[in-house]
Amino acid sequence: MPPSLDLQQLDRAFGSRPDIIDGIKRAADSSARVTLFNEISNHVLNQSSENGEPLHKRRRVEDSGGANGSSNGALANPAEEDVLLEVKEISVSVPQRKKFEICLTANYIYARTPGTTAPIPAITYAWKDVESLMYLPVPDKAQVQHNYVLFPRGTSLPSKTSPPTIEPLVFTIPATPPKQGTIGGSEAGSAMSVSDTYHSLFHWAFDRRLKSVGNPVEIVSANPGKFHSVIRQAHRPNEKAVHITGFRGSKDGYLFFLENGILWGFKKPLIFIPLDRIVAVSYTNILQFTFNIVVEVLTGEGDATEEFEFGMLDQQDYGGIDGYIKDNRLQDRSMAEQRKGKLQLAENKVSKKSANGEDAADATANGEATGDGLSELQRAEVEAEQLLQDDEDEDEEDYDPGSEGDSEGSGDSSDGDDDDDDDDDDDDDEDGDEDGDEVGDQDAEGDEEADEEEGEEDDAEVIQQEQVVQKPVEPPVKVPAQKGWAAFTSRPSSNRMDTDEKFDVV
């Protein structure tokens, strides 16, 4: 009796892929093929039970990393290869943030969950497909740590049209030696001689594996002698920072200017721009404290290019970045014609509206804001108010407090006349001995006329004081007018006059 397909077993093994089940049913046209398909489904189920993972979970991971298997081509299954070196308790941050075991075989490097033997398909890479490998310090950490960054072929630049099927690998190692019992594999004995630090262990292992498959890729490290930030690190102030902080859109990250290209990390998506694919670099959005750089990159499809912008870079690092661009002979297109439109400052926008400047003149005449933030009308009002204030300040500075006495000259003259009257009264007393009663009558009459004249002069003094109060500019110090008999004096008058002339009233 010919064998038949075990449909129940096929459904358990490939339940999430009905297309595979349909293909197997169509291809199972002979006894040999039916037997083969049953063995395949049985093997898949056995692998699932050995790994201790639910089958649906493994299928989900395989779906997300299916392209990794296709990139491996005709290479053997990594799970079937002998593990040459195994390092436990390694923190992986990309593509998954978790502690894994890193395993190295003759053709692969992959991660696996502790306690299992099956590789995680999404974190499996062929040595021949490694395009770039870097060893960089982890920024903003008090303890010294380093990241290994591995880019498979075709993953250095993220695609805008389709999500990445393969992601780079980033895992972190401390500066301390490996713990006891964390190193295994068939080459563990040889590895013990270079296991003083994780750094020496992985460098030794990566170099051996890459050379064994003929891949010329070398591990690139940051060189502070070629590029470093001038800003001191808060966590490790005595160590030069080989990165600068910036933003790509709303995500913050770090830029590393390496000898083979520019790296943006360590958050998804990672970007690595090789120097041989950089067309030009431009500086944009130059402000007082920050600026942006735009890197124009060849996409690999003919002459098509794509721009990657990194923003909010500190002005203090401009010199280092500019030196890196010049040392690597990269083209600076900051002043290219297509870039000038993006570099216009806000105060030049009005004048750029028209080539002959008429629009700018109309805008100024209509009161639109110009370079200083004020319109011409507003500026004229400000200048008029300033001139008025200057005139008032000048009047106050030129004011002489003694000039108020001149404006009250009538009161002063009346006081002078009163002094003269007093002197004349003294003279009348002297003449009274000689002239008798006639002179006494004249004195009495003169006293009455003097009283009347003093009343008139007091009225005139009050009127003039009111006029002084109505002056437009008030003096800072007001000298009161002299009133009453306190202003009289007994000193002799310099201009003596006869009694008749003194009291001749018209």
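Predicted model, so just to flag it, every value in this text is computed and none were measured.

J.: Tell me what's going on with the pairing of strand β11 (residues 251-257), and back it up with residues and numbers.
T.: The buried fraction of β11 amounts to five of the seven residues, a majority that puts the element mostly inside the structure. Examined bridge by bridge, strand β10 (residues 243-248) and β11 share six bridges and lie antiparallel to one another. Looking at the pairing, H243 lines up with F256 of β11. What sits between β10 and β11 in their antiparallel hairpin is a turn of two residues, with G249 showing a positive phi close to 70 degrees. By the bridge criterion, four bridges tie β11 to strand β12 (residues 261-265) in an arrangement that is antiparallel. Paired with L255 across the strands is W264, a residue of β12. Hairpin connection of β11 to β12: three residues between the antiparallel strands.

J.: I'd love a proper account of helix α7 (residues 198-212), names of residues and values included.
T.: Compared with the 21 Å implied by 1.5 Å per residue over 15 residues, the 21 Å span of α7 between its first and last C-alpha is a close match. Those residues of α7 that fall on the buried side of the exposure criterion are Y198, L201, F202, H203, A205, F206, R209 and L210. At the C-terminal side of α7, G214 shows a positive phi close to 80 degrees.

J.: I'd love a proper account of the packing of aromatic side chains, names of residues and values included.
T.: Scanning the model with the defined rule gives 17 aromatic pairs in all. With centroids separated by 5.1 Å and ring planes inclined at 65 degrees, the aromatic side chains of F257 and Y324 adopt a geometry described as edge-to-face. Taken together, the residues F257 in strand β11 and Y324 in helix α8 (residues 318-327) connect sequence positions 67 residues apart. Comparing F257 with Y324 shows no difference in burial state: the two are buried. Through pairs of rings, three or more aromatic residues link up here, namely W127, Y135, Y148, F171, F202 and F206.

J.: Which residues make up unusual backbone geometry, and what values go with them?
T.: A cis amide bond links G265 to the next residue, F266, at an omega of 5 degrees. The amide bond that connects K268 to the next residue, P269, takes the cis arrangement and shows omega of -10 degrees. Of note, P269 is situated in the loop between β12 and β13 (271-274). At E89, a residue that is not glycine, the phi angle is positive and equals roughly 55 degrees. Tracing the backbone shows E89 in strand β1 (residues 85-94). Among the residues examined, E89 registers a relative accessible area of 45% and is labelled partly exposed.

J.: For empty space enclosed by the protein, give the residues involved together with the corresponding values.
T.: This structure, assessed with the given rule, holds one cavity of 30 Å³ or more. Approximately 50 Å³ is the volume attributed to the largest cavity. Taken together, P137, V138, P139, Q233, R236, E239, K240, A241, V242 and H243 make up the full set of residues lining the largest cavity.

The rules behind these values
Residues numbered from 1 in each chain as written. Predicted model: local features only at pLDDT ≥ 70, side-chain atom pairs only at ≥ 80, totals over all residues. Heavy atoms only, no water. Buried < 20%, exposed > 50% of the residue type's maximum accessible area, 1.4 Å probe, protein only. Helix = DSSP H or I, 4+ residues; strand = E, 2+ residues; numbered from the N terminus. Pairing = 2+ DSSP bridges. Expected span 1.5 Å × (residues − 1). Phe/Tyr/Trp six-rings, centres within 6.5 Å; stacked < 30°, edge-to-face > 60°. 1 Å grid on protein atoms, 1.4 Å probe; cavity = no way out; pocket = protein on both sides within 12 Å on 5 of 7 lines; lining within 4 Å. Points joined across faces, edges and corners; volume = space filled by probe spheres on them.

From the geometry alone we can't say anything about function, so treat these as descriptive.
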